[in-house]
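In case you want the letters, here they are:
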Amino acid sequence: MKLQHRTVIKEYGLVIIGATLVALSYNVFLLPSKLAAGGISGISTVLYELFGYSPAMTQFVINIPIFVIGWLVLGKDFGGKTLLGTFWVPFMIGLTANTPITVTNPILGAIYGGIVLGIGLGIVYIGKGSTGGTASIAQILKKFTGKSSGYTQLVVDGVVVFSSIFVFSLELTLFALMAIYICSKAIDFIQLRTSASKLVVIITEEEEKVQELIRNGIDRGLTKVRSVGGYSNMDKTLILCVAEQQEAVKLKGLLQQEIPTSFVIFLNASEILGRGFSIDKYYGQKL
């Protein structure tokens, strides 16, 4: 039970951190640059430009019916975290509305606003939550289509951005499109952490030597698969090992030095769960 409670607290903490970054991306980069970069924030940017409506209040009001739909479709657990995100984002937008640190250049606003927004949303999604608004719609689409969070967010935000062309210039609309594209890539990067780990595939006849290099050289586990060479018809061993980036580089050097005849493939590993990654390594201790 204690572990479950810690997990829930961690998830709610991630929602708060991510939602804060979402709010900062809006006030520091997107609103000052006049970029309606999708979502309810994009709608609030348009309404602020046309009528001077408070972005924080606009987002709060529009979020209410969308939250109800998300709660019905995605469940009570998601709804609780979405409720937190729904209140937290407009609260932080209102709290930081007069921040002296702003970027008005649309190019910089699109690049850095998209990055910060994507990081914030990615952290929220890791916490199994949402910031409300079209982020909830994107998560609903993800559930029914099986597409990634970044992809569904790109589709939903694209609709909002294209509608903003009637209020802002074509140039600003194109910059807003660039911002949501960058945002979608940042979301997937944060969720999948594609550059953090490598899957090393080694085909060798010197099984024991490779095993020793992996265990003693980088302190990682491995999986062995018996195989037959398609050209030589000789028995070989296919070894799979997941390692962090620096460990993979070290292993590459060891293999080139000790067993240069081994056939080695390095692949990006999207997300690793298990001993040595999402949980502690195992050295025979009681768990």
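The model shown is predicted, which means the values in this text are computed figures rather than measured ones.

Participant: What's the story with helix α5 (residues 106-126) in this structure? I'm lost.
Facilitator: Each full turn of the α-helix corresponds to 3.6 residues, which orients residues three or four apart in the same direction. The first and last C-alpha atoms of α5 sit 29 Å apart over 21 residues, in line with the 30 Å expected at 1.5 Å per residue. For α5, every residue scored as buried is listed here: G109, A110, G113, G114, L117, G118, G120, L121, G122, I123, V124 and Y125. For α5, the capping residue at the N-terminal end is N105, with a side-chain oxygen 2.9 Å from the backbone nitrogen of I107. Count one or two residues on from α5 and you reach K128, which has phi positive near 60 degrees.

Participant: Can you help me understand empty space enclosed by the protein in this one?
Facilitator: One way to see where empty space is left: roll a probe the size of a water molecule over the atoms. Considering all chains together, one arrives at one cavity of 30 Å³ or more under this definition. Counted as a void, the largest cavity has a volume near 220 Å³. V22, G39, I40, S41 and T131 are, among the 22 residues lining the largest cavity, the residues nearest its centre. The set of elements that each furnish at least two residues to the lining of the largest cavity consists of α1 (2-30), α2 (39-51), α3 (55-74), α4 (76-95), α5, α6 (134-145) and α7 (149-163). With four residues, α1 is the largest single contributor of residues to the lining of the largest cavity. Per-class residue counts for the lining of the largest cavity are 11 nonpolar, 10 polar and one charged.

Participant: What am I meant to see in the packing of aromatic side chains here?
Facilitator: Each aromatic ring pair is summarised here by two numbers: the centre-to-centre distance and the angle between the ring planes. Tallying each qualifying case throughout the model produces four aromatic pairs. Both rings, one in F60 and one in F87, keep their centres 5.2 Å apart while their planes meet at 50 degrees; by these two values the pair is tilted. Note that F60 is positioned in helix α3 and F87 in helix α4, a separation of 27 residues in sequence. We classify F60 as partly exposed; its relative accessible area is 26%. Under the relative-accessibility criterion, F87 is labelled partly exposed at 44%. Centre to centre, the rings of W88 and F91 are 5.5 Å apart; their planes meet at 50 degrees, and the pair counts as tilted. Here W88 and its partner F91 are both found in helix α4, three residues apart, which amounts to about one turn of the helix. The class for W88 is partly exposed, based on a relative accessible area of 25%. In this structure F91 comes out as partly exposed when scored by relative accessible area, which is 46%.

Participant: Looking at this structure, I do not really get the environment of I187. What am I missing?
Facilitator: Mapped onto the fold, I187 is located in helix α8 (residues 170-192). You can call I187 buried: its relative accessible area is 0%. Separated by 63 residues in the primary sequence, I187 and V124 place their C-alpha atoms 9.6 Å from one another.

Conventions adopted
Residues numbered from 1 in each chain as written. Predicted model: local features only at pLDDT ≥ 70, side-chain atom pairs only at ≥ 80, totals over all residues. Heavy atoms only, no water. Helix = DSSP H or I, 4+ residues; strand = E, 2+ residues; numbered from the N terminus. Expected span 1.5 Å × (residues − 1). Buried < 20%, exposed > 50% of the residue type's maximum accessible area, 1.4 Å probe, protein only. Polar contact = N/O pair within 3.5 Å; in protein donor to acceptor, adjacent residues only side chain to side chain. 1 Å grid on protein atoms, 1.4 Å probe; cavity = no way out; pocket = protein on both sides within 12 Å on 5 of 7 lines; lining within 4 Å. Points joined across faces, edges and corners; volume = space filled by probe spheres on them. Nonpolar A, V, L, I, M, F, W, Y, C, P; charged D, E, K, R; others polar. Phe/Tyr/Trp six-rings, centres within 6.5 Å; stacked < 30°, edge-to-face > 60°.

Keep in mind these values describe shape, not function.
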